[in-house]
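Tertiary structure, described
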Amino acid sequence: MAAVSAATPVSMGPRVQAALGITTLALVALVTLAPVLVVVFGALEGDVWRETFIASAANRSAIGYSLLLALRAPIAALIGFLIAWLLIRIELPGGRFIEFAMWVTFFIPLLPVTLSWILLLNPHYGLVNKALMSLPFIHAPPFDIYSVGGILWVHIVASSVPVMVVILGPAIRQLDASFEEVGRICGSGPLAVFRQITLPILAPAILTGTLAGFIKSLEAFEVEQLLGRPAGIFVYSTRIYDLASWEPPNFKSAMALSTFMLLVLLLIALAYQRLSRRNDYATILGRGASFRQLRVGPTRWLISAALLLVVAISLICPLFMLVCGSFMKLFGFFSIPEPYTLDHWHEVLADPTFLHSLTNSLVLSVGAGIAGVLVYAIVAYLIVRSRLPGRGVVDLLAWLPWSIPGILLGMSVLWLILASPLLSFLYGSLASLVLIMIVAQMPIGVHMMKTSIRQIAVELEQSSRVCGAGPTRTFFSIVLPLIRPMLVSIFVIVFISALRDISTIIFLAGAGSQTLSLLMMQLATSSNLEASAVIGVITTAIVVAVALLARSFGLQVTVQRPSR
Amino acid sequence: MPALTDASVARPPDEPVLRVRGLTKSFGGMRVVNDMSFELPVGEVLTLLGPSGCGKSTTLRLIAGLEQPDAGEVWVRGRLVASDKVMVPPEGRRVGLVFQSYAIWPHMTVAENIGYPLKARRIDRDTIAAKVAEMVRLVKLDGLAGRMPSELSGGQQQRVALARALAYEPDLLLLDEPLSNLDAVLRKEMRAQLRTLQSRLKTTVLYVTHDQEEAMSLSSRVVVMNHGVIEQIGPPDQIYEQPATRFVEDFVGRTIRLRGVVEGDAPRPRVRIGSGAIEAAGSETLRPGAAVEVSMRPEDVTVQTTPDPDGNGLAGCIIDVTYYGDRLEYAIRIDGPDEQVVTVEGEKRRSVLPGSRIHLGIDAARTKLWPL
């Protein structure tokens, strides 16, 4: 009985506050549902479906390529799981450094890394190709970055694997070591235990990770735009971009295509939801935290070397090449006399557009970060603690943007702004970018906030109410200070996401609200790769600096070992 | 009363601080509080006593405004604060509450914790500082005002929670098992401090506990609850000496129970227990042949090796002796076919071996009869 009443939240109190709460919930429902409804209703008209899917081979091929490229999810999940397991369970020389490097890679923007890989794997001037062609028996460049393989490679190395390491780390850490120890005592060797016990227990977590990776891979944009377009490879997101940015835009086909993708994504998202819920059960089974790292013989040096190679390929090499590229007279041409110059740095830094974009990016990132943290905290609080009607529905809806590709979100919001005179003031404004970033990051933000708020003992809030503070004061003086570390974490995640983002905001930014990431994209697609690399270096530097700063504050998205 | 008088100003002096009427609350179809009614006059300490799950904490939460009743009313200082329609939020009730877990905010210092209710009422900073200093002295936390809660012991945290609840001089102080998280020694000490504090401040207190000793020693009156229903309300001595139900008798102290039958043919009505018979208070009101249970407190029973010739008592045999350090306990089988066993305290100095014959001296005036 006591447990029942302890879990019962405080009633909202005054009517005004209840009304405000309901308004907030309704707004969340509106901003999460509107993009989906726009797209689905837009696709309901007349002949659109026939036109989009039967008449257009380009649309069909885009779907085909999207699904083909999504194959990186299972590959990355397996590699990522292996790396995470090795890092967590085996005592490795340099293990902490490798973990740290994976963590940094997690945050690095994709576009600059793509530029580096162009430098290395371009069929004409790519360094790796040139090096291999100097060998007597190789006559044609063996690698072509502008291909399905090239796109897969950049994704897997630069984002999919590090993301999997970060996602799967906690699941592995929570696995009670006694499961494995019992296996050893029963007479199995370490490899047999790994195969027969560890892998089956963690299989749901790996599968969940794969599904998450699958969904995320379907919304990738900038790599495909940069590497696929020259080779005539279009995926769903780049195709949508074309359809909606033609003059006049073909919104109808874009929406039909989007509706189809949404259907696929929602099906995967549902499967993911069901799986991750069962996954929680597996987590509860293990009490966690009680594991000792395995000691292995000289093999550990071999493992460390292999992992360091991964770090070199996914982080060090791309960063080095990016910096090189930014100083080159002609991107990729190392063989010309005096290949290096400071001209591009001068050119970019002196350009007022750069300063303007930098300011916009910072305003967008900081604005979305602060506003987002506040909005997510309020929404999560209402979901967890209030008794307002509809909070359960909003809890589900807040999850929706997670499976909506950025490009689709951007397109539908653009359409809404164009179609409704009431919203026209948002057209091309920085405010619209802030708004859409808040919506795009809502799933992760609200989810993390909910976890954090649930950990606060209800008595701490009730006590404040009895002491004479209303719900609002209680929220600001008790709840928010108690989840301060989480506020910092979410701010950093939103900040970095907004700074990196291209696909979500590309439709919405106007001349006055151009951001650094969009400028970088624009320079890269207009073949000014050197200037793009300069901006890439600057963006990466900001992202890494913020991530490191946050880490010293105890950022919670982490592969770091819990302090002992 | 004249029509123009404001009820809150011209409050009759006998107006109770708290009035609870027909209070009812269910969780998931389970009636946790069922038709509770009681009043709490100014300056009194009233204790809700009962086993865990009896609804006492829920009653407290209904009064504090943390739950809304399904039926019934809560009046504080003559103002209706809760019913199935009215729900004054907790911050509007002018009550203080100390949780079992203390609920000290970990991100605020001791002084900030204590000053919070004053700050919430927009009192100026100097007044808050003065009041906090006064409260710190009152609960003997001198020198700790700048500490964080994590740097305090359990007893100190408990006093912070108390100071915080008292800081804004609430009409009513609610205490939810405030001592249950302390060790036995500290609990006794805090109990004494609480008593002194209350008699000094004359605060009206509603106290919730499952510990009968706490209830007895702290309260002016005790409400014994079970299954969401009030079993008895009364001063501690009345609850102990004249329990209204067998549940109350068992809950507030140790009890010896013996089954028997009322004998009618004797000059004075007696109760036959096993092969003996005793006099018991109130037996004349029952019909001969009625099955009854006789109950008494262990301290009203004496263990005798030779029977008092004209005394009231039963004979039996010691089957077990348990040593508790400060006392002995005998398990005694009463003579008779039904072989009833009772546990009685004995003196350490006159220890008797198991297997010995023994007599129980029973004070007839201090027994109670329960018809079966």
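Note that the structure is a prediction, hence the values are computed from the model and not measured.

Things to note about the sheet that holds strand 5 (residues 79-82) of chain B
All names here are of chain B. Reading across from one edge, 2-1-4-5 is the order of the 4 strands in this open sheet, with antiparallel pairing throughout. Each having just a single partner strand, strand 2 (30-40) and strand 5 make up the two edges of the open sheet. Direction aside, the axes of adjacent strands within the sheet are offset by 30 degrees on average. Along the sheet face, helix 1 (residues 56-64) touches strand 1 (18-27), strand 2, strand 4 (71-76) and strand 5 and points at about 115 degrees away from the line of strand 1.

Re the environment of Trp415(A)
Residues and elements named next belong to chain A. Topologically, Trp415 is positioned in helix 19 (residues 406-419). Sequence separation between Trp415 and Ala26 is 389 residues; the distance between their C-alpha atoms is 21 Å. The residues contacting Trp415, other than those within four sequence positions of it, are Val38 and Phe251.

A closer look at the confidence of the model for chain A
Residue and element names in this part refer to chain A. Per-residue pLDDT for chain A averages 84, and the proportion of residues at 70 or more is 92%. pLDDT under 50 marks residues 1-12. Its contacts with residues more than four places away, or in other chains, come to 34 contacts. Taken together, the stretch residues 280-289 has pLDDT below 50 and engages in 11 contacts with residues farther than four places along the chain or on a different chain.

Some thoughts on the interface of chain A and chain B
Between chain A and chain B, the residue contacts involve 24 residues of the former and 29 residues of the latter. At the level of elements, helix 1 (2-7), helix 22 (458-466) and helix 23 (471-482) of chain A are the ones that each hand at least two residues to the side of chain A that touches chain B. In terms of residues, the side of chain A that touches chain B owes the most to one element, helix 22 of chain A, which gives 6 residues.

Things to note about the environment of Tyr330(B)
As for its position among the elements, Tyr330(B) is in strand 17 (residues 328-334). Once you skip the residues sitting within four places of it in the chain, Tyr330(B) turns out to touch Val303(B), Ile318(B), Val321(B), Val344(B) and Gly346(B).

With respect to the domain arrangement of chain B
If you check the domain split of chain B, you get domain 1 (18-246) and domain 2 (254-371). If you average the C-alpha positions of domain 1 of chain B and of domain 2 of chain B, the two centres end up 41 Å apart.

Structural notes on the packing of helix 19 of chain A against helix 20 (residues 430-440) of chain A
All names here are of chain A. Taken N-terminus to C-terminus, the directions of helix 19 and helix 20 make an angle of 135 degrees; their axes are 11 Å apart at the nearest point. As the angle between them shows, helix 19 and helix 20 are arranged oblique. Helix 19 and helix 20 meet at a crossing whose hand is right-handed. Within the contact between the two elements, helix 19 uses Gly406, Leu409, Gly410, Val413 and Ile417 and helix 20 uses Ser432, Ile436, Val439 and Ala440. The residue makeup of the contact of helix 19 with helix 20, split by class, is 6 nonpolar, 3 polar and no charged.

About the cut-offs
Residues numbered from 1 in each chain as written. Chains lettered and ligands numbered in written order. Predicted model: local features only at pLDDT ≥ 70, side-chain atom pairs only at ≥ 80, totals over all residues. Pairing = 2+ DSSP bridges. Helix = DSSP H or I, 4+ residues; strand = E, 2+ residues; numbered from the N terminus. Axes fitted to C-alpha atoms, helices over the stretch in contact; angles between N-to-C directions. Contact = placed C-beta atoms within 7 Å. pLDDT = per-residue confidence, 0-100. Domains from an automatic or database assignment. Parallel < 35°, antiparallel > 145°, perpendicular 65-115°, else oblique. Left-handed = near helix turned anticlockwise from the far one by under 90°. Nonpolar A, V, L, I, M, F, W, Y, C, P; charged D, E, K, R; others polar.

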